[in-house]
Amino acid sequence: MNQSSDRKGGRVGSKRRRKRRTIDMTVIFFLLIFGYLGIHIYRYASKERFPLYEVPKGELISQNQNFQGFILRDEICYTAPEDGCINYYIAAGRRASAGSTVYTLDKNGEFSQMILSSSGNGQNLSEEELEKIVQRMKNLQLTFDGMNFQDVYQARNAIAAAVMDSLTAAAVEALNETMGISGFIRIETERSGIVSLTSDRYDEWTQEQLTVSCLTPKDYSRSVSMAGEEKETGDFVYKIIPDDSFDVYFQMDPDEMARYGSDLNASVPISVSVYLEKIKQTVQAELMLAQTSDGETVCRLSFSKYGSNYVNDRYIDFAIQNEDTYGMKIPVSSVMQKEFFLISPEYVISQEGSSALGVSKQTESGETVFAVFDQYVAETQTTQLENGEEAEETVWYYVRAEELSIGDVLVSNDGATTTPIISTVPVDGVYEANQGYAEFKIVTILQTTEDNAYYLVSPKVRYGIAAYDYIVIDGSSVEEGQVLQ
């Protein structure tokens with residue numbers, strides 16, 4: 001009995017111990033799994049991130065260069081010959097012929113009284129004349145700009161001039177009949193041109209007086225002469241702008257100037273298309289460089305017409321329109337530079353049996369070995385041939401090659417001369433990540449987008465990138481060959 005109980009108890013104890021060992025192994029197994037997962041989660045969480053950018057397909061981008069410029073033109077200013085109340089007969093912006101009446105000065109009010117009595121307090125205005133005045137007021141309502149309230153004064157003068165032109169017909173006739181009125185002066189233009197009633201400190205300026213500080217409207221102010229004002233002798237009354245031409249001076253940063261290359265100079269103008277914001281038109285103008293009186297180089301646009309739209313303006317908003325550019329957009333932050341060896345074409349040869357380029361490098365023992373280029377950029381120039389055709393030739397090679405270093409001696413194609421590699425040049429590129437590691441690829445920048453966030457790069461570059469490639473957004477965050485995944 002006791003032996004049977006002992007055996008039974010032993011079996012029970014053995015089962016419990018096995019069960020306990022099974023539980024312990026299960027716990028250990030799950031602890032190992034959790035530990036393994038924990039290590040990988042930690043490594044993933046602590047792993048340095050390299051955000052990538054998928055290069056889009058090429059697209060056409062039309063980018064205008066927007067500027068604000070300073071207007072200079074021929075201006076002849078006229079002042080009041082005597083004290084008196086002024087009344088204009090030609091609206092600002094209208095063309096006056098030589099000898100026509102621009103304004104009158106009423107020294108004692110006698111002529112103003114004659115106008116009122118002859119006009120019947122305005123009841124003599126015809127329906128056509130009233131309609132013209134109403135239309136001017138409607139135009140003012142459509143174009144009113146709260147930031148440029150002086151335009152209201154210009155419109156007021158235009159309406160007043162139209163009214164005065166109608167109301168004074170009888171008074172002028174009476175004036176001729178009475179052989180004149182005391183205290184009344186009628187002023188006629190000395191020459192033909194566009195009338196402006198706006199004055200500022202730049203009246204009658206020329207390029208010789210221009211300074212860089214003039215090009216921005218900081219602290220700029222102007223005055224508008226208005227009908228009914230009392231003028232003193234020598235006060236500004238009006239100015240005549242002889243023709244429709246005008247020049248605009250403005251600053252352009254070096255990157256913007258670079259797109260014109262050597263064509264942009266101070267002696268020969270180049271023709272450009274300019275969008276004039278105020279009149280919503282694209283016109284042709286001549287672009288060239290100019291010097292200010294303080295020795296700065298600025299740009300000048302010369303317009304042969306459309307000046308009548310700006311007779312009351314000193315500053316102008318415009319855009320120079322450029323041809324559409326086809327390229328791929330990449331982030332500015334992705335572009336870095338690598339140093340490439342600078343090698344003359346006379347030392348560059350093709351590898352025998354292939355199209356690969358390289359150089360013959362002289363070893364310490366005096367032998368020559370072929371060093372193939374890993375990457376290169378050929379700088380070319382176009383020359384005009386005698387028959388009128390153009391020929392393109394390579395003037396320099398920018399080279400990356402593991403087998404080359406500064407000081408290496410190169411042997412020319414014909415073996416007659418040698419030269420050491422003595423310099424490098426920076427070449428633009430990005431880090432491609434298609435293979436899971438950072439690989440430098442050359443890019444040719446065509447232009448920058450308006451928001452300065454992207455470059456437009458050529459899709460046809462040897463050793464370059466292509467659509468749908470992945471590149472590192474922050475090029476400064478990685479090194480050549482670094483594993484990214």
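Residues numbered from 1 in each chain as written. Predicted model: local features only at pLDDT ≥ 70, side-chain atom pairs only at ≥ 80, totals over all residues. Heavy atoms only, no water.

A.B. asks: Account for the side chain of S334, naming residues and giving values.
C.D. replies: Inspection of the secondary structure puts S334 in the loop between β19 (325-331) and β20 (336-343). Given the relative accessible area of 0%, S334 is considered buried. From its side chain, S334 meets the backbone oxygen of P331 in a polar contact 2.6 Å long. The residues contacting S334, other than those within four sequence positions of it, are G429, V430, I471, V472, I473 and G475. (Helix = DSSP H or I, 4+ residues; strand = E, 2+ residues; numbered from the N terminus. Buried < 20%, exposed > 50% of the residue type's maximum accessible area, 1.4 Å probe, protein only. Polar contact = N/O pair within 3.5 Å; in protein donor to acceptor, adjacent residues only side chain to side chain. Contact = heavy atoms within 4.5 Å.)

A.B. asks: Break down the packing of aromatic side chains for me, citing the residues and quoting the values.
C.D. replies: All chains considered together, the criterion is met by 19 aromatic pairs. Ring centres of F70 and Y202 lie 4.9 Å apart, and the angle between their planes is 90 degrees; on these two criteria the pair is classed as edge-to-face. Taken as a pair, F70 in strand β3 (residues 65-72) and Y202 in the loop between β10 (198-199) and β11 (223-224) lie far apart in primary sequence, 132 residues in all. There is no split in this pair, since F70 and Y202 are both buried. Here Y202 and W205 contribute two aromatic rings whose centre-to-centre distance is 5.0 Å and whose plane-to-plane angle is 85 degrees, an arrangement assigned as edge-to-face. Judged by its relative accessible area of 4%, Y202 is buried. In this structure W205 comes out as partly exposed when scored by relative accessible area, which is 21%. Within the aromatic cluster, the residues linked to one another by ring pairs are F70, Y202, W205, Y220 and Y315. The ring of Y454 carries the charged tip of K329 above its face, separated from the ring centre by 5.2 Å. (Phe/Tyr/Trp six-rings, centres within 6.5 Å; stacked < 30°, edge-to-face > 60°. Lys NZ or Arg CZ within 6 Å of the ring centre and 35° of its normal.)

A.B. asks: Give me the lowdown on the sheet that holds strand β18 (residues 315-321), citing residues and values where you can.
C.D. replies: Within the closed barrel, the six strands sit side by side as β3-β14-β17-β16-β15-β18. Their pairing is antiparallel. Adjacent strand axes in the sheet meet at a mean angle of 45 degrees, parallel and antiparallel pairs treated alike. Judged from the seven bridges that link them, strand β15 (residues 270-276) and strand β16 (residues 281-291) form a sheet pairing that is antiparallel. In the strand pairing of β16, V272 is matched with A285. (Pairing = 2+ DSSP bridges. Axes fitted to C-alpha atoms, helices over the stretch in contact; angles between N-to-C directions.)

A.B. asks: I'd like a description of the pattern of salt bridges, backed by residues and values.
C.D. replies: One pass over the full model with this rule turns up 14 salt bridges. Residues K239 and D203 are paired through a salt bridge, measuring 2.8 Å at the closest nitrogen-oxygen approach. Here K239, found in strand β13 (residues 236-241), pairs with D203, found in the loop between β10 and β11; they are 36 residues apart in sequence, far enough to count as distant. Here the two residues K239 and D203 agree in accessibility, since each one is buried. With a closest N to O distance of 3.6 Å, K441 and E439 form a salt bridge. Salt bridges sharing partners connect three or more residues here, namely R73, E75, D200, D203, K239 and R314. (Salt bridge = Lys/Arg side-chain N within 4 Å of Asp/Glu carboxyl O.)

A.B. asks: How would you explain the nonpolar core if you had to name every residue and give the values?
C.D. replies: V248, F250, L276, L287, L301, F303 and F318 are the most contacted members of the largest nonpolar core, which has 24 residues in total. The set of elements that each furnish at least two residues to this core consists of β3, β14 (246-250), β15, β16, β17 (297-303) and β18. (Core = buried A, V, L, I, M, F, W, Y, C linked by side-chain atoms within 4.5 Å.)

A.B. asks: Got a sec to walk through the sheet that holds strand β8 (residues 184-188)? Specific residues and values, please.
C.D. replies: Spatially, the four strands line up as an open sheet ordered β8-β7-β5-β12, and their pairing is antiparallel. In this open sheet, the two strands that pair with only one neighbour each are β8 and β12 (230-231). For strand β5 (residues 84-88) and strand β7 (residues 101-106), the ladder comprises four bridges, and the chain directions are antiparallel. Looking across to β7, one finds that I86 is bridged to L105.

A.B. asks: So what about unusual backbone geometry? Which residues, and what values?
C.D. replies: The backbone of N452 shows a phi angle near 60 degrees, a positive value even though the residue is not glycine. Tracing the chain through its elements places N452 in the loop between β30 (445-448) and β31 (454-457). Using a relative accessible area of 56% as the deciding quantity, one classes N452 as exposed.

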